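Residues per chain, in single letters:
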Amino acid sequence: MNIHEFQARELFAEFGVATQPGKVAYTPEEAESVALGLSAGKLVIKAQIHAGGRGKGTFKSGFKGGVHLCNTPSEAKDLAFKMLGQILVTHQTGPEGKEVGKIFVGEAVDIARELYFAILIDRATSVPVVIASTQGGVDIETVAEKSPEKILRIPVNPFLGLQPYQTRVIASSLGLTGPLMNQASSLFSNLYRLFIGRDCSMVEVNPLVVTTDGRLLALDAKFNFDDNALYRQPSIVAMRDVTEEDQREVEASKYGLNYIGLEGNIACLVNGAGLAMATMDIIQHAGGSPANFLDVGGGATREQVASAFRIILADKSVKGILVNIFGGIMDCDVIAHGIVEAAKETGLSIPLVVRLEGNNVEAGKRTLAESGLKLEGAENILDAARRIVAAVNVNA
Ligand code: ADP
Ligand code: MG
C-alpha cells in the first residue's frame, strides 16, 4: 500500500523526522488560506499523487511541472487552480497520467545540497538496508546505473536495529559533519524507528536537503507498506486512498484475490502464483499479451471464482479469457461451477479457453460441457495459450 506525501509528513511529525511545515489543500481557496498561515516568505506547491517524478512531469493541459515555488498566497492559489482536477503525467504514472485531487502547500527552503536516503527490505538478504547518496534530487536509477560507486548500501541487523555508529558512518559519507551530523543521526534513527514501527517495506526521502541556514530536512517522501502487516496498522489503513489505485485491484482485494492489472487483452484466471506467472509467459510466447495476473489461491471458493470472472469481464480491454487450473487442493468442479455462474450472469460474449487438470477434473469438465457455455477445452498449457491467442486474433 502507498500513501500521499502529505500523509508521509504526518508520520514524520509523529516520529520526529525533520521536515518543513505545510498542509494539504483541496481547492485553490484552501491553498491560499494554508499559505497565509505559513510563516516563510517562499512557498512550495506540490501535486499529491501516488507517483514520483512530479517535478519533471507535465500536465495534459500543457502546464509544466507538478512542483512549483512561489512567493505569495495569491500565487499559491493560481498554481493550485492550474493543477487541481488536471491530469499529471510523470515517468512513473505511465502515459495515462494521474488526476490531481489535492495539493500540498508548504514552506520553501533555500537548498544548499540535495541528498538521497532510503530504507528498504533487501530481498536477497531479507534484512533492512539503508541506501544513501550524495546525488539526491535527480533520478536515483540513473545514478545507480551510471555511477554505482556514489551509492552507499548499509545492511541493518534486524535484531539490533540501526546502530548509532552506522548513522555516523552514513552521515559522514554524505558529507554531513559538525552540527549536521547530530541532526543526521537523529533523523536517520527516527526514520528507522518509523520504518519498523509502521511495517514499511520502503521509505524513500529524495531529496533529503541541507538548507543554506544549516538544517537537514526531509523534503519529499515515498512510502510502501507491507500489505501482509496492514491488519496491525489501522492508522496506515486509514490513509489508504483508493482513488489512486487500479480499480480492478481494489475490487479484487475485497474478495481476497491476488490480482494485478496489465496492459494486454487476454485475461487469465489461474490458481497459484507460480502457475499464474508461467501462464502469462506462455501467452506471450504464443504471441499474445496478458491483461492481468490473477491468482485465485489454492483453496478458492465458488464465490471467489465468480467474482474473479466478473472483475475480468468488467475490463473493457479484455478480448479473451484463459482459465488455467491445476487442481491440487482445489477441486476442479468448484472452479467449473464458479465459471458457469459468472459467465451466465455476465452474458459472456468473448472467447473462453479452459484448461483443467487434477483433483475431480472429470466432474469439472462435465459441469462445463453440460452448462451450454461456448468454450474451448485444451490439452495442455501451450495448447490452451495457442487457442486463446488464435481466438482473440480472429475476433480482432
Ligand atoms: P518529485 O520527486 O515528485 O519530483 P520533490 O518533492 O522531490 O518531487 O520535488 C522536486 C524538487 O523540487 C526537489 O528536488 C527540490 O529541488 C524542489 N523542492 C521540493 N520541495 C521544496 C521546498 N520545500 N523548498 C524548495 N525546493 C523544493
Ligand atoms: Mg523527489
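Residues numbered from 1 in each chain as written. Chains lettered and ligands numbered in written order. Predicted model: local features only at pLDDT ≥ 70, side-chain atom pairs only at ≥ 80, totals over all residues. Heavy atoms only, no water.

Trainee: I keep staring at the sheet that holds strand E6 (residues 98-99) and nothing clicks. Help me out?
Mentor: One open sheet holds the three strands; their spatial order is E3-E5-E6, and the pairing between them is antiparallel. Each edge of the open sheet is held by one strand with a lone partner, namely strand E3 (58-59) and E6. By the bridge criterion, two bridges tie strand E5 (residues 87-89) to E6 in an arrangement that is antiparallel. Its bridge partner being in E6, Ile87 is matched across the sheet by Glu99. (Pairing = 2+ DSSP bridges. Helix = DSSP H or I, 4+ residues; strand = E, 2+ residues; numbered from the N terminus.)

Trainee: Where do I start with the coordination of the magnesium ion (ligand 2) in this structure?
Mentor: Tetrahedral coordination by four donors sets the ideal angle at the metal to 109.5 degrees; octahedral coordination by six donors sets it to 90 or 180 degrees. Listed as protein donors to the magnesium ion (ligand 2) are Asn206 (O) and Asp220 (OD); their distances from the metal cover 2.1 to 2.2 Å. Linking Asn206 in strand E11 (residues 200-211) with Asp220 in the loop between strand E12 (216-218) and strand E13 (222-225), this pair joins segments that are 14 residues apart in sequence. (Donors = N, O, S within 2.8 Å, 3.2 Å for Na, K, Ca; no water.)

Trainee: Explain the site of ligand 1 to me, please; I cannot follow it from the model alone.
Mentor: In the vicinity of ligand 1 there are 18 residues, among which Gln20, Lys46, Arg54, Gly55 and Glu114 approach most closely. Note that an oxygen atom of ligand 1 is positioned 3.0 Å from one of the side-chain N or O atoms of Asp220. For the shell around ligand 1, the elements supplying multiple residues, two or more each, are strand E2 (43-47), strand E4 (67-70), strand E8 (111-122) and E11. Class assignment for the residues of the shell around ligand 1 results in eight nonpolar, five polar and five charged. Composition of the shell around ligand 1 by domain shows at least three residues from each of domain 1 (21-107) and domain 2 (111-237). (Near = heavy atom within 4 Å. Polar contact = N/O pair within 3.5 Å; in protein donor to acceptor, adjacent residues only side chain to side chain. Nonpolar A, V, L, I, M, F, W, Y, C, P; charged D, E, K, R; others polar. Domains from an automatic or database assignment.)

Trainee: How should the sheet that holds strand E1 (residues 22-25) be read in this particular structure?
Mentor: Across a sheet, strands are paired by hydrogen bonds formed along the backbone, either parallel or antiparallel in direction. With antiparallel pairing, four strands are arranged side by side in an open sheet as E1-E7-E2-E4. Two strands bound the open sheet, and with one partner strand each, they are E1 and E4. Geometrically, the sheet is characterised by an average inter-axis angle of 20 degrees between neighbouring strands, direction not taken into account. In terms of strand pairing, E1 meets strand E7 (residues 103-107) through four bridges, oriented antiparallel. Following the sheet pairing, Val24 is matched in E7 by Phe104. (Axes fitted to C-alpha atoms, helices over the stretch in contact; angles between N-to-C directions.)

Trainee: Could you clarify how one ought to interpret the nonpolar core in this entry?
Mentor: Side chains of nonpolar character tend, in soluble globular proteins, to be buried together. Of all hydrophobic cores here, the largest spans 41 residues; its most connected members are Leu176, Phe188, Leu191 and Phe223. Counting only elements with at least two residues in this core, the list comes to helix H1 (5-15), E8, strand E9 (127-133), helix H5 (164-173), helix H6 (179-197), E11, E12 and E13. Top contributing element to this core by residue count: H6, with nine residues. Excluding residues that lie within four positions of it along the chain, Phe188 makes contacts with Phe117, Leu162, Thr167, Ile170, Ala171, Leu174, Leu176 and Leu208. (Core = buried A, V, L, I, M, F, W, Y, C linked by side-chain atoms within 4.5 Å. Buried < 20%, exposed > 50% of the residue type's maximum accessible area, 1.4 Å probe, protein only. Contact = heavy atoms within 4.5 Å.)

Trainee: For this particular structure, what's the right way to read the domain arrangement of the chain?
Mentor: The figure often quoted for interface size is the accessible area lost as the parts come together. Domain boundaries in the chain define domain 1 (21-107), domain 2 (111-237) and domain 3 (246-395). Between the C-alpha centres of domain 1 and domain 3 there is a distance of 42 Å.

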